[in-house]
Amino acid sequence: MKGGVFVAGTGTDVGKTYVAALLMRYYREKGLRTGYFKAALSGAERRADGSLLPGDAHIACRAGGLSDPPESFVPYIFEEAVSPHLAARRAGRSIRREVVAEAFARTAGRFDWLVAEGSGGLACPLSDDPAAPLMLIDVIALTGLPLLLVADAGLGTLNHTVLSVEYAAARGLPVRGVILNRYDDTDFLHRNNRDMIPRLTGLPVLACVGEGQASLTLADE
């Protein structure tokens, strides 16, 4: 693997999967064999045959032109739409660091470039086992990929973004840049958030993604 990015969010439902799919297409169009990885996914849909379809992975894989079953890129898949640690516990399972690490290494070995996607925000727990705790920030660290933060362009994003950036830095994982999702350049609040994030965090806004946008260009390669 030549490299990749880890797409994490300032919280749930900020559009990580949408941005990850755009990044898959972006790197693919640059001629890179681009793969996808997500350590744990909850809220999967039940297929007619009873198997689980990891929707986020399905969307990203289609954007990246991957023909592999989307579940092959997600080592832990759960049906209940709750935090991965709780979904795992209710399913009688435990998300284990070594399983995630092995799945990541196996996937990374197949591609030039990897787009990894997080679950929830940076402090999302994947395992609350006292003997083997695992947070999303730990998964980001074990991948070694540079971290991109997806934030909603609307109200409240300054607080969420600053806290996420400072939490990542405190854990030794500096954020490389921010991508604003659901951005509307005619909205004065969105424009102000775009301008304030670099001032408050020292980080660039790498892209502003509007509703229904089919492609993106990163401001800083």
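Refer to the structure printed above.
Since the model is a prediction, treat every value here as computed from it, not as a measurement.

## Structural notes on helix H2 (residues 55–63)
Stage number 1. Taken together, the buried positions of H2 are occupied by Ala-57, Ala-60, Cys-61 and Ala-63. Buried positions in H2, seen along its axis, are confined to an arc of 160 degrees and lie on one side of it.
Stage number 2. Residues of H2 that are buried in the fold lie against helix H1 (16–29), strand E2 (34–37) and strand E3 (40–42).
Stage number 3. Looking one or two residues beyond H2, the residue adopting positive phi is Gly-65, at roughly 70 degrees.

## So, the packing of H1 against H2
Stage number 1. It is at 8 Å that the axes of H1 and H2 come closest, and there the two elements cross at 25 degrees. If you check the angle between H1 and H2, you find them roughly parallel. The two elements H1 and H2 meet at a crossing, and its hand is right-handed. In contact with Thr-17, Ala-21, Met-24, Arg-25 and Arg-28 of H1, H2 contributes Asp-56, Ile-59, Ala-60 and Ala-63.

## Things to note about the pattern of salt bridges
Stage number 1. Applying the stated criterion across every chain, the model contains 13 salt bridges.
Stage number 2. When the shortest N-O distance is used, the salt bridge between Glu-117 and Lys-38 registers 3.5 Å. Here Glu-117, found in strand E7 (residues 113–121), pairs with Lys-38, found in the loop between E2 and E3; they are 79 residues apart in sequence, far enough to count as distant. Side by side, Glu-117 and Lys-38 carry an identical accessibility label, which is buried.
Stage number 3. Residues Arg-194 and Asp-195 are paired through a salt bridge, measuring 3.1 Å at the closest nitrogen-oxygen approach.
Stage number 4. By relative accessible area, which is 26% here, Arg-194 ends up partly exposed.
Stage number 5. One continuous salt-bridge network, built from bridges that share partners, spans Lys-38, Asp-56 and Glu-117.

## Observations regarding the packing of aromatic side chains
Stage number 1. Inspection of the entire model under this criterion finds five aromatic pairs.
Stage number 2. Between Tyr-27 and Trp-113, the ring centres sit 5.0 Å apart and the planes meet at 40 degrees, which makes this aromatic pair tilted. Pair noted here: Tyr-27 is in helix H1 and Trp-113 is in strand E7, with a separation of 86 residues, a long-range link.
Stage number 3. With relative accessibility at 19%, the residue Trp-113 sits in the buried group.
Stage number 4. Seen in terms of ring centroids, Phe-37 and Phe-104 are 5.5 Å apart; in terms of plane orientation they differ by 75 degrees. Their pairing is edge-to-face.

Cut-offs and rules
- Residues numbered from 1 in each chain as written.
- Predicted model: local features only at pLDDT ≥ 70, side-chain atom pairs only at ≥ 80, totals over all residues.
- Heavy atoms only, no water.
- Buried < 20%, exposed > 50% of the residue type's maximum accessible area, 1.4 Å probe, protein only.
- Helix = DSSP H or I, 4+ residues; strand = E, 2+ residues; numbered from the N terminus.
- Arc of directions from axis to C-beta.
- Contact = heavy atoms within 4.5 Å.
- Axes fitted to C-alpha atoms, helices over the stretch in contact; angles between N-to-C directions.
- Parallel < 35°, antiparallel > 145°, perpendicular 65-115°, else oblique.
- Left-handed = near helix turned anticlockwise from the far one by under 90°.
- Salt bridge = Lys/Arg side-chain N within 4 Å of Asp/Glu carboxyl O.
- Phe/Tyr/Trp six-rings, centres within 6.5 Å; stacked < 30°, edge-to-face > 60°.

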